[in-house]
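# Survey of secondary and tertiary structure
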2 protein chains.
Amino acid sequence: MTDASPTPVDRGTPPVIVLVEPQLAENIGTAARAMLNCGLTDLRLVNPRDPFPSERANAASVGALEMMPPVKIFDSTAAAVADLNMVYATTARERKMVKPVLTPRAVGELAVQAGRAGRKVGLLFGRERTGLEKDDIALADAVVTVPLNPDFTSLNLAQAVLLLGYEWYQAGDSTPPRVLESHGSPPATKDQLYAFFTHFERALDECGFLRNAEARPNMIRNMRNMWGRAELTEQEIRTLHGVVKELTTLREKK
Amino acid sequence: MTDASPTPVDRGTPPVIVLVEPQLAENIGTAARAMLNCGLTDLRLVNPRDPFPSERANAASVGALEMMPPVKIFDSTAAAVADLNMVYATTARERKMVKPVLTPRAVGELAVQAGRAGRKVGLLFGRERTGLEKDDIALADAVVTVPLNPDFTSLNLAQAVLLLGYEWYQAGDSTPPRVLESHGSPPATKDQLYAFFTHFERALDECGFLRNAEARPNMIRNMRNMWGRAELTEQEIRTLHGVVKELTTLREKK
């Protein structure tokens, strides 16, 4: 029986999100919402322009801020990351700095490794329009740049937080890339499938669909392949037996 | 010389985004913005509740709608996807349907493969609160579910579009996971690095820092490893020679 629910995995200590000089209370709220979507709950602010906490931030977070521990506020980036072991600075722009540039996926993997080893990781996000200051970037271990359409890079704060949080969540996730949801109806056994082949092909022989003896073997194989791709359940096999039976009966009645 | 710009890649025909019965004009705009962030430009709407086009949608798109070809409007999901070859339905909920469930990453990879083969892929998104109807899901090849925090799954429309578009973009992307930006300053050669080791270690010998003969070899190796991890450029090696020289001079003056 398949089931889409991932087995619980230990992602270790989740990364801390640090918003440096966010301008609008709404953006703090939407960033918090994106964080909680990804299971992140440690939000820190460096000199927010709008007062915080605020009703505007709470409303924009759609309940996320109330479900998270209190947000911490700092007066410098260095103070906000003081207890962390690794810090990554998100920026879209090229800087005149010799600095490793990582993808969000690489950072997600590093952050899961670090979190499982009990190390604390921080992700820095700059202010809405201008991004992080060079001095803040110089405090970080590396820069993270999201590979996206270079002709239209205006990601808002919450979207940037979402993509980094999403990659952290995926790096620690065990959801299979593809699973067949069958909701309690088990996949058919091969014996059940082949019994349906027999029933179906007998009906096709009887109605004359397979009368071309030369083409018959290939037509049968093609249809068996088609049914095979459908990954039929026991219940569906029963339904198909019924369909073939009724169609045959209808034809006999005519 | 390293450079973070990815080499151009052929992603093939990009997926089409189909919003089924979107309620708010703003959400059409923010979804369009997320699309264009990911290089997607074919947006189709099925029975939008708010009038479209609209100034509210345009404003929320931050210019994206003006940069994209005209949005097409349809009166049924079947009509909106009529010319497509593969259709994936995004949904967070468990449905009583026997249907493959894919991750966004798996869909991104399938969509790049399909697009490169000239096939057209559509991604269906349902209305804001209630998602896709069962009949729309039954029209799709598979369901896509984003693995995220099961205790707080409220992704808004634009965020869902962003994550799917992001995965498509990444699947066709060649940005290396990590690159050292050096902005024209080439990495030092080993000869330059080892010449700095010699200068640095001679200075440490002269000042007495390495006087413990037993510990000396290990201390030297540790510091060479530390410098090695820093991936120094030619310019930085020159700067460090200067630093050691000045520190030595200062000490001699005392």
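First, a word on scope: everything that follows refers to the structure included in this document. (Residues numbered from 1 in each chain as written. Chains lettered and ligands numbered in written order. Predicted model: local features only at pLDDT ≥ 70, side-chain atom pairs only at ≥ 80, totals over all residues. Heavy atoms only, no water.)

### Remarks on the sheet that holds strand β6 (residues 121–125) of chain B
- Strand order in the open sheet made by the eight strands is β8(A)-β5(B)-β7(B)-β4(B)-β6(B)-β1(B)-β2(B)-β3(B), with mixed pairing throughout. Two strands in the sheet have a free side with no partner beyond their single neighbour: β8 (178–181) of chain A together with β3 (72–74) of chain B. Direction aside, the axes of adjacent strands within the sheet are offset by 30° on average.
- Two elements, strand β1 (residues 16–20) of chain B and strand β2 (residues 43–46) of chain B, share four bridges in a ladder whose sense is parallel. (Pairing = 2+ DSSP bridges. Helix = DSSP H or I, 4+ residues; strand = E, 2+ residues; numbered from the N terminus. Axes fitted to C-alpha atoms, helices over the stretch in contact; angles between N-to-C directions.)

### Structural notes on the interface of chain B and chain A
- Listed as interface residues are 54 residues of chain B and, on the opposing side, 54 residues of chain A.
- Regarding the contact of chain B and chain A, the summed buried area is about 4500 Å², with carbon and sulfur atoms giving 58% of it.
- Contact with chain A buries surface across chain B, with N37, F152 and Y166 of chain B losing the most and accounting together for 15% of the total.
- Inspection of the chain B/chain A interface yields two salt bridges. (Contact = heavy atoms within 4.5 Å. Buried area = accessible area lost by both parts, 1.4 Å probe. Salt bridge = Lys/Arg side-chain N within 4 Å of Asp/Glu carboxyl O.)

### Some words on the nonpolar core
- Ranked by size, the top nonpolar core spans 87 residues in total, and within it L19 and L43 of chain A together with L19 and L43 of chain B carry the most contacts.
- Contacts of L19 of chain A, omitting those with residues within four sequence positions, involve I28, A31, L43, R44, L45, V46, F125, L157 and V161 of chain A. (Core = buried A, V, L, I, M, F, W, Y, C linked by side-chain atoms within 4.5 Å. Buried < 20%, exposed > 50% of the residue type's maximum accessible area, 1.4 Å probe, protein only.)

### Looking at the relation of the copies chain B and chain A
- With an RMSD of 0.1 Å, chain B superimposes on chain A once it is rotated by 180° and translated 0.0 Å along the axis. The transformation relating the two chain copies, once decomposed into turn and shift, fits a two-fold axis.
- A shared interface surface links the copies, since 100% of the contact residues of chain B are contact residues in chain A too. (Least-squares fit on C-alpha atoms with pLDDT ≥ 70 in both.)

### Comments concerning the packing of helix α7 (residues 157–171) of chain A against helix α7 (residues 157–171) of chain B
- Axis separation between α7 of chain A and α7 of chain B bottoms out at 11 Å; the angle between their running directions is 55°. Judged by the angle between their axes, α7 of chain A and α7 of chain B are oblique. In the packing of α7 of chain A onto α7 of chain B, the handedness of the crossing is right-handed. Contact with α7 of chain A, carried on its side by Q159, L162, L163, Y166 and E167 of chain A, involves Q159, L162, L163, Y166 and E167 of chain B of α7 of chain B and no other residues of that element.
- The residue inventory of the contact of α7 of chain A with α7 of chain B, partitioned by class, reads six nonpolar, two polar and two charged. (Parallel < 35°, antiparallel > 145°, perpendicular 65-115°, else oblique. Left-handed = near helix turned anticlockwise from the far one by under 90°. Nonpolar A, V, L, I, M, F, W, Y, C, P; charged D, E, K, R; others polar.)

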